[in-house]
Structure formats: structure tokens, C-alpha cells
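Survey of secondary and tertiary structure
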Amino acid sequence: MGQTISEKILAKHAGRKEVEPGQLIECKVDLVLGNDITAPPAIKEFERIGVKRVFDRKKIYLVPDHFSPAKDIKSAQQIKMMRDFAKKYKIVNFFEIGCMGIEHVLLPEIGAIRPGELIIGADSHTCTYGALGTLSTGVGSTDMAAAMATGRVWFKVPEQLKFVYTGKLAKWVEAKDLILYTIGKIGVDGARYMSMEFTGPVIRKLSISGRLTMANMAIEAGAKNGIFAADEKTNAYLRKVHAGKGIIYRSDSDAAYKRVYEWDVSKIEPQVALPHLPSNTKPVSKCKKIKINQSVIGSCTNGRIEDMRVAAKVLKGKRVHRDLRLIILPGTQEIKLQMMKEGLMETFIKAGAVVSTPTCGPCLGGHMGILAEGERSIATTNRNFVGRMGHPESEVYLSNVAVAAASAIAGRIVSPRDL
Amino acid sequence: MIKGQAWKFGNNIDTDLIIPARYLNTSHPKELAMHAMEDADPKWISKMQKGDFIVAGENFGCGSSREHAPIALKAAGVRAVIAKSFARIFYRNAINIGLPILECPEAAQEIKAGDTLEVNLADGEIKNITSKMIYHAQPFPPFMQKIIKAGGLINQLKSTK
Ligand code: SF4
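Keep in mind that what you see is a predicted model, and the values were worked out from it rather than measured.

Analysis parameters
Residues numbered from 1 in each chain as written. Chains lettered and ligands numbered in written order. Predicted model: local features only at pLDDT ≥ 70, side-chain atom pairs only at ≥ 80, totals over all residues. Heavy atoms only, no water. Phe/Tyr/Trp six-rings, centres within 6.5 Å; stacked < 30°, edge-to-face > 60°. Lys NZ or Arg CZ within 6 Å of the ring centre and 35° of its normal. Near = heavy atom within 4 Å. Helix = DSSP H or I, 4+ residues; strand = E, 2+ residues; numbered from the N terminus. Domains from an automatic or database assignment. Buried < 20%, exposed > 50% of the residue type's maximum accessible area, 1.4 Å probe, protein only. Contact = heavy atoms within 4.5 Å. Core = buried A, V, L, I, M, F, W, Y, C linked by side-chain atoms within 4.5 Å. Salt bridge = Lys/Arg side-chain N within 4 Å of Asp/Glu carboxyl O. Polar contact = N/O pair within 3.5 Å; in protein donor to acceptor, adjacent residues only side chain to side chain. Buried area = accessible area lost by both parts, 1.4 Å probe. Nonpolar A, V, L, I, M, F, W, Y, C, P; charged D, E, K, R; others polar. Pairing = 2+ DSSP bridges. Axes fitted to C-alpha atoms, helices over the stretch in contact; angles between N-to-C directions. Lys, Arg positive; Asp, Glu negative; His and termini not counted.

The next subject is the packing of aromatic side chains. The geometry of an aromatic ring pair is captured by the separation of the ring centres together with the interplanar angle, meaning the angle of the planes. Residues and elements named next belong to chain A. For the structure shown, the criterion picks out 19 aromatic pairs over all chains. Every member of this aromatic cluster is reached through a ring pair, and the members are F163, Y165, Y181, F198, F228, Y261 and W263. Sitting over the face of the ring of F67, K71 holds its NZ or CZ atom 5.0 Å from the ring centroid.

Following this line, the structure appears as C-alpha cells:
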């Protein structure tokens, strides 16, 4: 029986020839990641194990990004705990503000991720790295602690799903819309405990940035991981970030999938996920009357330079609506710098937007743009759960970058076509 | 054998409902417990008793990887969560920290809010004392039973080190 990319990577890291869905296996990991919410409990658990050193001080990545720069005393304590831990165990990859970024934007950008690797992170959006042909998945803090000590983690081999996208994307339709459309079709548990493999002619044309956006939201369908076969685009990206080559796997033609979905996406419009589930999607043309108070552009889903360029294209020479706040969050320092070089900062500030330092900020209702009772935000983030961006009575609408930018100008949810 | 009252919640109870991110600037179990389920039912924490059960629908614990979610429930005194299904990271985390979870669609469907339940974690038997029904949750694979028996993943690691 043939194997999929995900199965091959799991088998390799478990020291087996092949694996089967449902099997419990123990795998070696290539990288362990934690942030300022999840690392502190992991550090406490790690200390409880009583080992003297971490399994590999170069393979642990600690990125305080959620409440950073520290938003209050408690957050400062959490970040300090990470900093002290990094010092004590001589962990190379600790990212203080000044060189930090949103973890899942930062790691690919600094060349930390390669195809064929197995990566775990104590953050559910660790699945983002599947864009590079990597098997990466979110775990909890205890798993992170155990992996920091042993370099190993247990997995149940997931069942495999395949998604084939055909046709040609219309103007202003982005990778974000493909993944929102997919989640809208299969639901927030449509891939629960499974691997999602993204394929087809539309995917082959998709940029790495777009693939990162799609893989990022695999968890929003409940998946263990989302994965793309590495190709020429991947190789070019890896060269650019000096990541090295990695191992490229392909799914066998006789690999077994639990289900294959095939969609012609030529006719889809930009999608909007209405409160309070990412699967609650509608084409943007059906949302026109929805007034909004805030627009957030950024996050690990859409905080890369390519996203900023799309936002600038829509906002150039325009002003954001006077009843609305537009908050733009570049994913990393590098992206912010590039924005300056390309003049995007000026476009945004002239349009009346606030441009932040890299942080998760409002994406999880942390800081830098919290919603009051009854307020609505459109956001390029990945979750619109109850209270996700602030007050339990506030609402989040998920969209692509172009729609979030256009809506900021209009004060209500619109497509850039309608401006 | 453990006995307690059932609190019912719907499908897709996400980790932001279980413990909102605004409280995640700490990882102290007692502080987290004070806000457990707050955005789903702000009064729940003052109504529930130590030893009670959460009974929910599909995909319980979807969303973020925050271990603070099962920790908050455990520290609040939730004896076990019974659901039709669990989201994958929540499932791992619950086992790793020792919060008992039982996957049993029939029980999750039929149990009503306020029913008194008795659960045997060793064999997964759920007894509804109020309706006199008995259900059987899927047993954990032996591998996970070992982690649970050791009192979580870290304790198991310590014992094998
Ligand atoms: S940007 Fe949002 S989704 Fe991404 S890691 Fe930060 S909080 Fe999580």
C-alpha cells in the first residue's frame, strides 16, 4: 500500500518503514517550539522531570509573541521565565523583542523549517509549516516539556484527506478564501484528527506565502496537520531564507485517503466567516450591510509582506472610514523593515491606519485593539470564537486581506470591487 | 466510583470558551479555575460543585493548544468531561495532565442537565442514576492508560528515567 507525504514523514521519524492510520507511534522531533503562554507551564513541568539538560539546545525555539512587548506585570513575569530558562539551558533560539515576530511568521522566515521535518509546537497554529512539505503540529505544554527533555513525542497516525483545487482564482480571491471555503464545506471538525493534503493546479500556482496561510488554518478544521508537496517554489523559498534543502517526499499514487474532495474554485468569491465559527462562511457579496468598528490586518495567517502589499494596493490614496479603526500588524521586524523600504508604511499611515510592532495582539484578545461590548471587527486572523478579540458580546468576521482593507475604507464589509 | 451532577454544553466548545485568552497571562491553576467556562456561562463556576461532570457535544476543546483549558477544568473540580467527541490537542492535553475524559456519543446525547452520574474510570462505565441508564465509553488504548495511571506524562517520564 502506498503512503502519503504525512505518513512517510511520520514513519521516518518513528524509525519504521511505514505507518498505518490509528497506530500509536513514538517519533523523534526536529524542532520544539513554545510561546509566552505555553512555554511557562512547559518550563515548570520540565523542571519537574529532573533532567540536567535539554535534548538539543539548538532545536528549541522560544518566541514570546502573544503578550509581547509585555502588556502587564503578569505577562512580563511569564516572558522573564522564558528568558531565564533560555539562559540557564543555553538555548540558542530565544527571540527577544527587537528580533522577535509572530512565531509562525518568524520561523520560516529565518530558515528554521525544512521539508520532511517533524515539528511540534505548543501552539495550535504550528501546523503552518506544512506549507513547506513539513509535518508540523500543535501540542500542549506537557508535550512540549517532555519533548524538550527527550526529543520525542507520541502520536496517533492520522487518517488522510486530500483536497484538489482546480480552475483559476478570480481577482481579489486569495489563499485565505480557499481555506475559508474549505472549512465552510467540511466544518470545524471536518478533518478532526486527520491530515489535510492540499493539491491541484491552483495549489501549484500558489505562492509560499499563500500556502502558509492555508496550512495555518488546517487546525480550524480540526486537523492534526495540513501539508503541501514541496516543489520548485518551495526550493526557491528555502534558498532565499538559507534553510538548506530538507527531504522532499511525495504521496504515492496508490496512497490511501479516507476521502478526496475536488472543487473547481474559479467561481468562488472572497469568503467571510461570520461569528462565531470559522466554518460559518459566506461570499462577501452576501455581507454588505454589516457595519464594523475595526479592521485588523496581520497575524500568523496573513501577516507576511505579500499580505501587506495587497493591503497597500487597496489603501493607497484612500482614507479609512472615520467611524473605524484600522490596525496593521506586520508579522516580524524584517517584514516591517521591508514595508518601510517599499513605502507601505507611508501608505498605511496616510490612510489613517495604526501600524504596530510585531505581536499577536488583538488576534487572541490580548492587547493592541481589544473590542468593547457590541463592537464588530473584520480581521485577517484565523478564529472568530466568542470573546476571541475582547468582550464576550463582541464579534469577529474573518476575511482575506483585500476585503479587510476595503472594509476599513467603507466602514462595512465589502469587497474591493465595490469601492 | 465517582458521583456528581451533569452540566450540559453544546457542540464545538472551544478553548476560548473554556478559558478566555485574557486570563492567560498566568498559568496558575487556581486563578485559571476562577474563570473556567466564563464566556459560555459566566455563573457556571459559582453554581458547579467539586466532583461534577461536563457533558458536551462534538469537538469539545477545539481551537488553541492551551493546556490551561484542561487545567482550569481540573482545578475547578470537574471530575470528568463526557463528550460525543474531543478536539485532538485537547484530548492529548487532558491525558497528559490527568483530566479524565470519556468519549461516548450516546451518553452525551441522552444525559440531561442536572442528572446525577456515576462514572467508573477504570472500565469507562457511565451510570445515569437519574434515568437509570448505563453507557460504556470507548476504553483508552493501553499506552494511554499507562500515562493516566502514572498521573500524567511527566510522572510517567520520571518513573521511567
Ligand atoms: S497570531 Fe493569533 S493565531 Fe497566530 S500565534 Fe498569534 S495568537 Fe495565535
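This brings us to the site of the ligand. Residue and element names in this part refer to chain A. In the region of the ligand, 13 residues are neighbours, and H125, C300, C360, C363 and N382 sit closest. Broken down by secondary-structure element, the contributors of at least two residues to the shell around the ligand are helix 4 (103-109) and helix 10 (299-302). Residue-level mapping places the shell around the ligand at the junction of two domains, with at least three residues from each of domain 1 (5-262) and domain 2 (271-418).

Bringing the environment of A311 of chain A into the picture now. Residue and element names in this part refer to chain A. Turning to its location among the elements, A311 is positioned in helix 11 (residues 305-315). Judged by relative accessible area, which is 0%, A311 ranks as buried. Separated by 36 residues in the primary sequence, A311 and T347 place their C-alpha atoms 9.5 Å from one another. Every residue in contact with A311, bar those within four places of it in the chain, is listed here: I297, F348, V401 and A405.

A separate point is the nonpolar core. One finds F60 and L73 of chain B to be the most contacted residues of the largest nonpolar core, which totals 127 residues. Per-element tally for this core: the top contributor is helix 14 (residues 401-410) of chain A, with eight residues. Of the residues that make up this core, three or more belong to each of domain 1 (5-262) and domain 2 (271-418) of chain A. Once residues lying within four places of it in the same chain are set aside, the contact partners of F60 of chain B are I13, I18, I54, L73, V81, A83, S85, F86, A87 and F90 of chain B.

Next up on the list: the pattern of salt bridges. Throughout the structure, instances matching the rule amount to 23 salt bridges over all chains. With its nearest N and O atoms 3.8 Å apart, the salt bridge here joins D56 of chain A to K59 of chain A.

All names here are of chain A. Most of helix 14 sits out of view: nine of its 10 residues are buried. Listing the buried residues of helix 14 in full gives V401, A402, V403, A404, A405, A406, S407, A408 and I409. The distance from a side-chain oxygen at the start of helix 14 to the backbone nitrogen of A402 is 3.0 Å, and the residue carrying that oxygen is N400. Where helix 14 ends, the next residue or the one after it, G411, has phi of about 80°, a positive value.

Another aspect to go through is the interface of chain A and chain B. Taken together, the contact between chain A and chain B spans 48 residues of the former and 42 residues of the latter. Taking both sides of the interface into account, the surface hidden between chain A and chain B amounts to around 3800 Å²; carbon and sulfur atoms contribute 57%. It is T142, W154 and R192 of chain A that lose the most area in chain A upon contact with chain B, and together they represent 18% of the buried surface on that side. Taken together, the links from chain A to chain B amount to three salt bridges. Across the pair D143 of chain A and R92 of chain B runs a salt bridge whose closest N-O atoms are separated by 2.7 Å. Run the count over chain A and chain B and you get 20 residue pairs in polar contact (both at pLDDT 80 or more). Listed by contribution, the elements that provide at least two residues to the side of chain A that touches chain B are helix 2 (39-49), helix 3 (73-88), strand 6 (135-138), helix 5 (141-150) and strand 7 (152-156) of chain A. With six residues, helix 5 of chain A is the largest single contributor of residues to the side of chain A that touches chain B. Looking at the side of chain A that touches chain B, its residues break down into 21 nonpolar, 14 polar and 13 charged.

The subject of this paragraph is the sheet that holds strand 3 (residues 60-63) of chain A. Residue and element names in this part refer to chain A. Judged by pairing direction, the sheet is parallel, and its five strands sit side by side in the order 4-3-2-5-6 without closing on themselves. Only two strands of the sheet have a single partner each, and these edge strands are strand 4 (93-94) and strand 6. Pairing between strand 2 (residues 31-35) and strand 5 (residues 118-122): four bridges, direction parallel. Note that in strand 5 the partner of G34 across the bridge is A122. The strands that helix 3 touches are strand 2, strand 3 and strand 4; relative to strand 3, the one it contacts most, it runs at about 150°.

What follows is about the side chain of K176 of chain A. Residue and element names in this part refer to chain A. Within the secondary structure, K176 is located in helix 6 (residues 175-186). Here K176 sits buried without a salt bridge, and the closest side chain of opposite charge, E174, lies 7.4 Å off (N-O distance). At a separation of 3.0 Å, a polar atom in the side chain of K176 contacts the side chain of N302. Here S399 takes part through its backbone oxygen, which lies 3.0 Å from a polar atom of the side chain of K176. Excluding its chain neighbours within four sequence positions, the residues that come into contact with K176 are T213, M217, T301, N302, A379, T380, T381, S399 and N400.

As a further point, take the pairing of strand 5 of chain A. All names here are of chain A. Across the five residues of strand 5, five count as buried, placing the element largely inside the fold. Burial along strand 5 is two-sided: L118, I120 and A122 and I119 and G121, pointing in opposite directions, are all buried. Relative to strand 6, strand 5 runs parallel, the two sharing four bridges. When the sheet's bridge partners are listed, G121 is paired in strand 6 with G138.

Glancing now at the side chain of E125 of chain B. All names here are of chain B. Locating E125 in the fold gives a position in strand 6 (residues 125-128). At 4.4 Å, K127 is the nearest oppositely charged side chain to E125, a buried residue that forms no salt bridge. When sequence neighbours within four positions are dropped, the list of residues in contact with E125 reads E118, V119, N120, I134, Y135 and H136.

To continue, consider the environment of G298 of chain A. All names here are of chain A. For G298, the position within the fold is in strand 14 (residues 294-298). By relative accessible area, G298 is classed as buried at 0%. In this structure the C-alpha to C-alpha distance between G298 and P330, which are 32 residues apart in sequence, comes to 5.9 Å. For G298, the residues in contact, after removing those within four places along its chain, are G303, M308, L329 and T380.

In this section: the domain arrangement of chain A. Residue and element names in this part refer to chain A. When cut into domains, chain A gives domain 1 (5-262) and domain 2 (271-418). If you average the C-alpha positions of domain 1 and of domain 2, the two centres end up 24 Å apart. Residue-level contacts link 37 residues of domain 1 with 42 residues of domain 2. For the pair domain 1 and domain 2, the summed buried surface comes to about 3200 Å²; carbon and sulfur atoms form 62% of the total. Note that R383 and E220 form a salt bridge whose closest N and O atoms lie 2.5 Å from each other. Those elements giving two or more residues to the side of domain 1 that touches domain 2 turn out to be helix 4, helix 6 and helix 8 (208-216). At six residues, the largest contribution of residues to the side of domain 1 that touches domain 2 is made by helix 6. Across the side of domain 1 that touches domain 2, the residue classes break down as 17 nonpolar, 12 polar and eight charged.

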